[in-house]
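Here's the letter readout for the chains.
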Amino acid sequence: MEPLSHTGSAMKIAVCVKQIPDPNTPYALDPETHFVQRPQDQVLDDTDRYGVEVGLQLAEATGGTVTLVSMGPAGSLQGIRQALAMGAHKAVVVNDPALRGSGALVTAKVLAAVLRKEEPDLVIAGTESTDGYTGVVPQELAELLGLPSLTFARKVSQADGKIHIERLSATGYDVVEADPPVLLTVTSGAVEPRYPTFKGIMAAKTKPIEQPTIADLGFGPGDVGPAGSAQEIVGVRAAPERGAGRKVVDEGEAHLDIVRLLEQVKVI
Amino acid sequence: MQTWVFAEEIEGAPTSLTLEMLSKARTFGGDLAAVYLGAGSDTAFSTLGAHGATRVFHLAPGEGLPAAAAAAALAGLVEQRQPDLLLFGLAFTDRDVAGRLSARLDRPVLANAVDLHIGDGEVRVVNEILGGTTLVETAYRGPKPWIAIVRPKSFAAEAGAALTPEVIPVSLPDVGRAGSAVVLERHTEVSEGPDLEEAAIVVTAGRGVGGAEKMAPLTELASLLGAAMGGTRAVVDAGWLAYSLQVGQTGKTVRPSVYLAAGVSGAMQHLVGMKDSGTIIAINKDEEAPIFRIADLGIVGDLHKVVPKLVEELKARR
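Residues numbered from 1 in each chain as written. Chains lettered and ligands numbered in written order. Predicted model: local features only at pLDDT ≥ 70, side-chain atom pairs only at ≥ 80, totals over all residues.

Q: I tried to follow the sheet that holds strand β10 (residues 182–186) of chain A on my own but got confused; where do I start?
A: Strand pairing in a sheet takes place through backbone hydrogen bonds and is either antiparallel or parallel in direction. Overall, mixed pairing links the ten strands, which are arranged β11(A)-β5(A)-β4(A)-β1(A)-β6(A)-β10(A)-β7(A)-β8(A)-β9(A)-β11(B) in an open sheet. Strand pairing shows two members of the sheet lacking a second neighbour, β11 (209–210) of chain A together with β11 (182–188) of chain B, which therefore form its edges. In the packing of helix α4 (residues 137–145) of chain A onto the sheet, contacts are made with β6 (122–126), β7 (149–159) and β10 of chain A, and the angle to β7 of chain A comes to roughly 70°. (Pairing = 2+ DSSP bridges. Helix = DSSP H or I, 4+ residues; strand = E, 2+ residues; numbered from the N terminus. Contact = placed C-beta atoms within 7 Å. Axes fitted to C-alpha atoms, helices over the stretch in contact; angles between N-to-C directions.)

Q: Hey, could you run me through the interface of chain A and chain B in this one?
A: Accessible area lost during the coming together of the parts is what is often quoted as the interface size. Each partner contributes to the interface: chain A provides 70 residues, whereas chain B provides 79 residues. Elements represented by at least two residues in the side of chain A that touches chain B include exactly α3 (104–118), α4, β7, β9 (172–178), β12 (231–238), β13 (246–249) and α7 (254–264) of chain A. Among the residues making up the side of chain A that touches chain B, the classes are represented as 36 nonpolar, 20 polar and 14 charged. Here six bridges tie β9 of chain A to β11 of chain B, and the two strands are oriented antiparallel to one another. In the sheet register, tyrosine 173 of chain A faces β11 of chain B, and the bridge partner there is histidine 187 of chain B. (Nonpolar A, V, L, I, M, F, W, Y, C, P; charged D, E, K, R; others polar.)

Q: Would you mind showing me how to read the pairing of strand β3 (residues 31–37) of chain B here?
A: Looking along a regular strand, one sees the side chains alternate between the two faces of the sheet. All names here are of chain B. Burial analysis of β3 places six of its seven residues in the buried class, the great majority of the element. Of the strand pairs in this sheet, strand β1 (residues 2–10) and β3 are connected by seven bridges, and their pairing is parallel. Bridged to glutamate 8 within β3 is leucine 37. The pairing of β3 with strand β4 (residues 55–59) spans five bridges and is parallel. Paired with alanine 34 across the bridge in β4 is valine 56. Viewed along the sheet, the connection from β3 through helix α2 (residues 42–50) into β4 turns out right-handed. (Buried ≥ 20, exposed ≤ 12 C-beta atoms within 10 Å, placed from the backbone. Right-handed = clockwise from strand over helix to strand, strands pointing away.)

Q: Can you help me understand the sheet that holds strand β14 (residues 258–262) of chain B in this one?
A: Pairing in this open sheet of six strands is parallel, and the strands run β13(A)-β16(B)-β15(B)-β14(B)-β12(B)-β13(B) from one edge to the other. Taken across any chain shown, the strands that pair with only one partner, and hence form the sheet edges, are β13 of chain A together with β13 (228–231) of chain B. Averaged over all neighbouring strand pairs, the angle between strand axes comes to 15°, with direction disregarded. As paired elements, β13 of chain A and strand β16 (residues 297–300) of chain B share four bridges and run parallel to each other.

This is the structure we're talking about:
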């Protein structure tokens, strides 16, 4: 991966990230609230590593900075430190119990309040989170901030102060461009995220992490959480299960099992 | 009940996802309209009519990325005509417009709907979480309009209304900086064989294939079966297949009669795009791969051994 080239002045970059329960462990729902139970130790959503990497490359190319912006239970901040260890400079994590059960639009409003203070040239987000995957927070954020949005980028570059992307489309991709300040959403193919170095991990321990409450950002308790989200979970049930079928260990003849099944379902 | 369905024009026509949503919305009774973003044509409009739209709001985009201006135009229309429910598809432009509209109108979006229940003056949206193992039903609790994003293949597209819709042109307003992203080039990635979303058989390559140069046996298998080729996120990210062939949350949703997954582990984001397939066959070296939990036939083995033999066997039978 070639680093993004430097032609502009120092960019102030904000990357929206999310801590989620480790996807390799089974998720549990709180039986009363139906919210996902969140352990103390959460991980950085894997899809956010790409946004952090794009942010770091642009910041490095322009002598700029990367601020992480997040909302949700802070817990041990393990996931945030993962992104700081990659090289981000600081983090703002809005951590307030009143936020539990907030919908996408409330999340966007809270993040927008942080971003208005930060005034970045570039806001970067993933296309959707791995745990909730509503997939509209970035677009809501762009609208709230009055920014153009370059969404679903599979490739990002910068030239003459403009941001260019290859945006996924239904039939291929489009090359789209906009001037900063701009909001960008990146897919997981956009870059190869770096692994934190030992030095990076050590440095992350002392990097600044601000933790404002909703009151600090001008929200009241009724503006957020289920009350502010104008939606209510009214039922949770198990999906009709699609059981596992037959498992065959290949000892040289397993392809015949496939042939027989294809015959059975009459496609050959 | 007044329902509007968003319809982005792709290659001169409304998408099957749009027609699926219209077909479902037709069952709600009441007034049904399409919001069509694209050049538009009589054929396109009559397809919308055939699927139940009595009215088409026609938004013609310019050179910019249209989402911000389309959301502003829609917000104006909503103000004027007060629809109850707005449906968008899980597609790129749909998501951009729905998100921006949500912020403009200050209304939530309920996303990833696989079903919609209407009754007692309430709309409930069903979505799947935790890789499709759990269904969550959510109701709107604020003022209308209610906005939902619907997953592809949740409903069947059925023509049958034979209506000639009234077409109402709507101009896209200037939204200043928010609308300043410009489209410089458009690229269509052509793929051979049947269309991935419509194919009766899909052969999907996963990370286990191991490289672009190792795709040949799978491509041959797909062509022997008349199947469409698909890939997981890892495969399209690595460039072994075009992005447009991705199956899963960010890519296409498929529901073929036979889905053959080779070297696919079965991450949640992949499963949501294919788990409703008729018969699922999986080949994977890892006995514990999650894909085996939903496969009708799971072959624990090396795809590089199994697939070439399968190809030979199918050839011998021709």
